[in-house]
Amino acid sequence: APYYLKEPNSEEDPSLFKKSQKKILLDSQWSLKTLHLPEITIDTDEELETILQKFPDLYDLHLCFGSRITQSGLNFLGKYCMFLRSLNLCYSSLKDHEIDFITKNLPYLEELSFHCGYKISSQGIAAIRANCPHIRVLKLSRISALNKEA
């Protein structure tokens, strides 16, 4: 079953709470298959690498709300979590060439979700279609570049 870190209560400082969540995550001995980090900001690609190295058996990864993923971070996805089945990237600034990279380096993806990925166009969607033969679920919402093309 997925493990979700709880939300802070009204007396807790949200920034300190999020730092403590990262520390708990990185200090854990869990062998996670599913990891959802909806409100924890990944501050650097190195931090993302540390998390991905710690959980190489991930099948389901959800990063959003401030997660800063660059091309280097995407390299770590392909290097450490190549068996991902489900990837959810929300509020990212991914571009079409990065979508192409994801689809070529995560060959087992069955579910891919982008929410508010403002720089994805129909070319990025074509890359998903061309490179991900196992995709069963594709969630695209609030993709402004696609709306402009329509």
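Refer to the preceding data block for the structure.
Reading the values: rules and limits
Residues numbered from 1 in each chain as written. Predicted model: local features only at pLDDT ≥ 70, side-chain atom pairs only at ≥ 80, totals over all residues. Heavy atoms only, no water. Patch = residues over 30% accessible without salt bridge, like charges linked within 9 Å, V, L, I, M, F, W, Y side chains within 5 Å. Areas by Shrake-Rupley, 256 points an atom, 1.4 Å probe, with all protein chains shown as cover. Salt bridge = Lys/Arg side-chain N within 4 Å of Asp/Glu carboxyl O. Helix = DSSP H or I, 4+ residues; strand = E, 2+ residues; numbered from the N terminus. Buried < 20%, exposed > 50% of the residue type's maximum accessible area, 1.4 Å probe, protein only. Core = buried A, V, L, I, M, F, W, Y, C linked by side-chain atoms within 4.5 Å. Contact = heavy atoms within 4.5 Å.

1. Concerning a nonpolar patch on the surface
- On the surface, Met 82, Phe 83 and Tyr 108 cluster together into a nonpolar patch covering about 260 Å² of accessible area.
- Positionally, Phe 83 belongs in the loop between helix H3 (71–80) and strand S3 (86–90).
- Here Phe 83 falls in the partly exposed class, since its relative accessible area comes to 40%.

2. A short note on the nonpolar core
- Judged by nonpolar contacts, the single largest core of 32 residues is most densely connected at Leu 35, Leu 52, Leu 58, Leu 61, Leu 84, Leu 87 and Phe 114.
- Broken down by secondary-structure element, the contributors of at least two residues to this core are strand S1 (34–37), helix H2 (45–54), strand S2 (60–63), H3, S3, helix H4 (96–105) and strand S4 (111–115).
- Here this core takes four residues from H3, the largest share from any one element.
- Residues within four places of Leu 52 in sequence aside, it is in contact with Leu 58, Leu 61, Phe 76, Leu 77, Tyr 80 and Cys 81.

3. As for the side chain of Asp 96
- Looking at the secondary structure, you find Asp 96 in helix H4.
- Aside from chain neighbours lying at most four places away, what touches Asp 96 is Lys 119, Ile 120, Ser 121, Gln 123 and Gly 124.

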